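Below, each chain spelled out in residue letters.
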Amino acid sequence: MSLRVFRQWLLQPLQDKAHIKYRTNMVSFYADNMPLRQIFSSFLRKMPDINKLLIKLFKVFNRQRNGAQLSDCYKLYRIVCELETLDAYLGNLGLANQEESLTLPEQELYSKNMNFLKTMISRLLRHFEKYQEFIEKSLDIKSIETKREYLLNPGKLKSSPES
């Protein structure tokens, strides 16, 4: 967790009892669920600082200086790819993989939380489909992954008709 997020939580704590109870239940759910906790831990280790990345992207959108570069666009693309991987893991991780000692309320909480996670990830992936296609057409992914060179892929870009 970044210091910035931690500071925000300290300065703006939750005050609604229902939200506090919900967060407490979610924390205990993940703390008690080792396979899911390992998946999220692995996923989060691969994530860049998303807040900083979004700030750079919004600077480009608002035509300000020091905005995003090709490497930042690729980072966002990798986040989407990792979300696809996470979605696949969650799809394969059902109640059958969990301990049989779960009580009925725990099973219901597990199912509810898993459905929520799957729904949110699916929505995010749908929103980023066109972006992912654009990056795959526009950037030389092989060059980025092998040489760390961020190059446009002119062979796949459509040329604009000259007048």
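Coordinates for the structure precede this section.
Figured I'd write up the structure that's included with this text. Per chain, residues are indexed from 1 in the order of the written sequence. The predicted origin of the model limits local features to residues at a pLDDT of at least 70 and limits the giving and counting of side-chain atom pairs to 80 or more, whereas totals for whole chains, interfaces and linings rest on all residues. Computation of side-chain values covers all heavy atoms of the structure but excludes hydrogens and water.

To continue, consider the overall build of the chain. If you tally the helices and strands in the chain, you get 8 helices and 0 strands. The numbering of helices and of strands both runs from the N terminus, where a helix is a DSSP run of H or I of at least 4 residues and a strand a run of E of at least 2. Shown N-terminal to C-terminal, the secondary structure of the chain runs as helices and strands in the order α-α-α-α-α-α-α-α. Remark: exposure states derive from per-residue accessible area (1.4 Å probe, protein chains only) relative to the maximum for the residue type, with buried under 20%, exposed over 50%, and partly exposed in between. Across the 163 residues that make up the chain, the buried fraction comes to 25%. Any pair of residues with heavy atoms lying within 4.5 Å of one another is described as a contacting pair. Excluding contacts between residues fewer than 6 apart, the proportion of contacts in the chain whose partners are at least 24 apart in sequence is 60%. In the structure as shown, the chain presents an accessible area of about 12600 Å², 56% of it carried by carbon and sulfur atoms. The Shrake-Rupley method, run with a 1.4 Å probe, gives the accessible areas here. Residue values count only the displayed protein chains as cover.

Where helix 2 (residues 17–32) contacts helix 3 (residues 34–45), the two axes come as close as 5 Å, and the packing angle between them is 100°. Compared by their axis directions, helix 2 and helix 3 come out roughly perpendicular. Residues Phe29, Tyr30, Ala31 and Asp32 of helix 2 lie in contact with helix 3, whose contacting residues are Met34, Leu36, Arg37 and Phe40. By residue class, the composition of the contact of helix 2 with helix 3 is 6 nonpolar, no polar and 2 charged. All axes here are fitted lines through C-alpha atoms, helices being fitted over the stretch that makes contact, and every angle between N-to-C directions spans 0 to 180 degrees. Comment on the angle field: the value is read as roughly parallel under 35 degrees, roughly antiparallel over 145, roughly perpendicular from 65 to 115, and oblique elsewhere. For this classification, Asp, Glu, Lys and Arg are treated as charged, while Ala, Val, Leu, Ile, Met, Phe, Trp, Tyr, Cys and Pro are nonpolar and the rest, including Gly, are polar.

Moving on to the pattern of salt bridges. Salt bridges are defined by distance alone: a side-chain nitrogen of Lys or Arg within 4 Å of a carboxyl oxygen of Asp or Glu. Within this structure, the stated rule accounts for 4 salt bridges. The residue lysine 46 makes a salt bridge to glutamate 82 at a minimum N-O spacing of 3.6 Å. Here lysine 46, found in the loop between helix 3 and helix 4 (50–61), pairs with glutamate 82, found in helix 5 (residues 70–92); they are 36 residues apart in sequence, far enough to count as distant. Note on lysine 46: relative accessible area 49%, which makes it partly exposed. The closest approach of N and O atoms between arginine 78 and glutamate 82, which form a salt bridge, is 3.2 Å. Of this pair, arginine 78 and glutamate 82 both sit in helix 5, separated by 4 residues, roughly a single helical turn. Judged by its relative accessible area of 12%, glutamate 82 falls in the buried class.

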